[in-house]
Structures are given as structure tokens and as C-alpha cells.
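# A look at the structure
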Amino acid sequence: MKSLSLKDKQLKKRWYIIDASGKILGRLASKIACILRGKANPTYTPNINTGDYIIVINAKHIKITGNKYNNKLYYHHTGFVGGIKCISFKDLSNKNPRKLIEKAVKGMLPKGPLSSVIHANLKVYEDESHFHQAQDPKLLLV
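Below is a summary of the structure that appears in this document. The model shown is predicted, which means the values in this text are computed figures rather than measured ones.

### Observations regarding the overall build of the chain
Scanning the chain from terminus to terminus reveals 5 helices and 6 strands. Seen in sequence order, the chain has helices and strands lined up from the N terminus as β-α-β-α-β-β-α-α-α-β-β. Expressed as lengths along the three principal axes of its C-alpha atoms, the size of the chain is roughly 55 × 35 × 25 Å. Going through the 142 residues of the chain one by one, you find that 37% of them count as buried.

### Description of the side chain of serine 88
Here serine 88 lies in strand β4 (residues 84-88). Serine 88 gets classed as buried once you look at its relative accessible area, which sits at 12%.

### A short note on the packing of aromatic side chains
A full pass over the atoms with the stated rule returns 3 aromatic pairs. Between the aromatic rings of tyrosine 69 and phenylalanine 89, the centroid separation amounts to 5.8 Å while the plane-to-plane angle is 70°, which identifies the pairing as edge-to-face. Taken as a pair, tyrosine 69 in helix α2 (residues 68-71) and phenylalanine 89 in helix α3 (residues 89-95) lie far apart in primary sequence, 20 residues in all. Residue classification places tyrosine 69 among the partly exposed residues on the basis of a relative accessible area of 36%. The class for phenylalanine 89 is buried, based on a relative accessible area of 2%. Here tyrosine 125 and phenylalanine 131 contribute two aromatic rings whose centre-to-centre distance is 5.9 Å and whose plane-to-plane angle is 75°, an arrangement assigned as edge-to-face. The exposure class assigned to phenylalanine 131 is exposed, which follows from its relative accessible area of 70%. Lying over the aromatic face of tyrosine 53, lysine 13 brings its terminal NZ or CZ to 5.6 Å of the ring centre.

### With respect to the nonpolar core
Counting 26 residues, the largest nonpolar core has Leu25, Ile32, Ile54, Val56, Ile101, Val105 and Leu122 as its most contacted members. Secondary-structure elements contributing two or more residues to this core are β1 (15-19), α1 (25-37), β2 (53-57), α3, α4 (97-108) and β5 (122-124). With residues up to four places along the chain from it excluded, the contact list for valine 56 reads Ile18, Ala20, Ile32, Ile101, Leu122, Lys123, Val124 and Tyr125. Counting 5 residues, the second largest nonpolar core, distinct from the first, contains Trp15, Ile55, Ile57 and Tyr125.

### A closer look at the sheet that holds strand β6 (residues 138-139)
Read across the open sheet, the 4 strands follow the order β5-β2-β1-β6; overall the sheet is parallel. With one partner strand each, in any of the chains shown, β5 and β6 form the two edges of the open sheet. Pairing of β2 with β5 involves 3 bridges; the strand directions are parallel. Residue pairing for β5: isoleucine 55 is matched across the bridge by lysine 123. Contacts from α1 reach β1, β2 and β5, with the element oriented near 155° to β2. Contacts from α4 reach β2 and β5, with the element oriented near 155° to β5.

### Some thoughts on the pairing of β2
The element β2 is largely enclosed, with a buried count of 4 among its 5 residues. Here β1 pairs with β2 via 5 bridges, running parallel. When the sheet's bridge partners are listed, isoleucine 18 is paired in β2 with valine 56. Taking the sense of rotation as the criterion, the β-α-β connection linking β1, α1 and β2 turns out right-handed.

Each value, and the rule that gives it
- Residues numbered from 1 in each chain as written.
- Predicted model: local features only at pLDDT ≥ 70, side-chain atom pairs only at ≥ 80, totals over all residues.
- Heavy atoms only, no water.
- Helix = DSSP H or I, 4+ residues; strand = E, 2+ residues; numbered from the N terminus.
- Buried < 20%, exposed > 50% of the residue type's maximum accessible area, 1.4 Å probe, protein only.
- Phe/Tyr/Trp six-rings, centres within 6.5 Å; stacked < 30°, edge-to-face > 60°.
- Lys NZ or Arg CZ within 6 Å of the ring centre and 35° of its normal.
- Core = buried A, V, L, I, M, F, W, Y, C linked by side-chain atoms within 4.5 Å.
- Contact = heavy atoms within 4.5 Å.
- Pairing = 2+ DSSP bridges.
- Axes fitted to C-alpha atoms, helices over the stretch in contact; angles between N-to-C directions.
- Right-handed = clockwise from strand over helix to strand, strands pointing away.

Purely geometric numbers; function is a separate question.
As C-alpha cells, this is what we get:
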């Protein structure tokens, strides 16, 4: 029995749309990462981007469990000495709720050059409107 190794030209990528309203952030992000990576497909190949495209709508209505709404902090460094910055979940959800889902999914993807290629297949929007009607996305219940 031979193992299947796909080439880029043999891939048929699908578009899925996920409604994030009322969903818990971590559980949603892990399912999105699995679909983006392509592990749900029977033709999964680890060194190729075999995943599908994901459109996430209603990102501003995402939920989080426990007291993380007040206590969770996101850190980043500017690159300068003493340049560590932090922002709370509450402030980030008011300022840019798209980043919450993008950061959660990016942390669940493998590290390396393939990660940025896979992460580019994720499109996140704050409300119901998106610009991908021409791709005919299918609604995915998560």
C-alpha cells in the first residue's frame, strides 16, 4: 500500500463560513485551526497547505469562560529596550475583536514558514458582512 502525497495542483480547496456569535473562543479556535491545517481532509499532507478557507463572522460576539474577560492579558514587544506592551481582553475586544480570534488560531498552528501561509486562509470579520460571496462559502456548524 502506497502512502498518498499530494501536489499543490491536485488540491481542491473549499470555502467555509463560521458564525462566532455565542461561541467560546478557545473551542472555536481549535476547530478553525484543525480545518485550516487540513487535518479534517482525507488527503492531509503535513508539508503542504491542504486546508480550506475559513470566513469567521460576528467576531465581536465571541464569549470567553471564567473571569478571563477582566483578567486575561495579551503581551507583545515593540523590539526596543523596555518595549513590552500589554492589553487586556476587555480592551482588545472593544478596540479590535478580529485580533482575538486571529491570535488564538495563530497560536494553535504549527510554527514555521508554513504557518503564515496557512494563517492567510483565515478571514475574520466583526459583523455579518463579508466580501466572499463569489466563492460560495458553505455554512459550517461548529
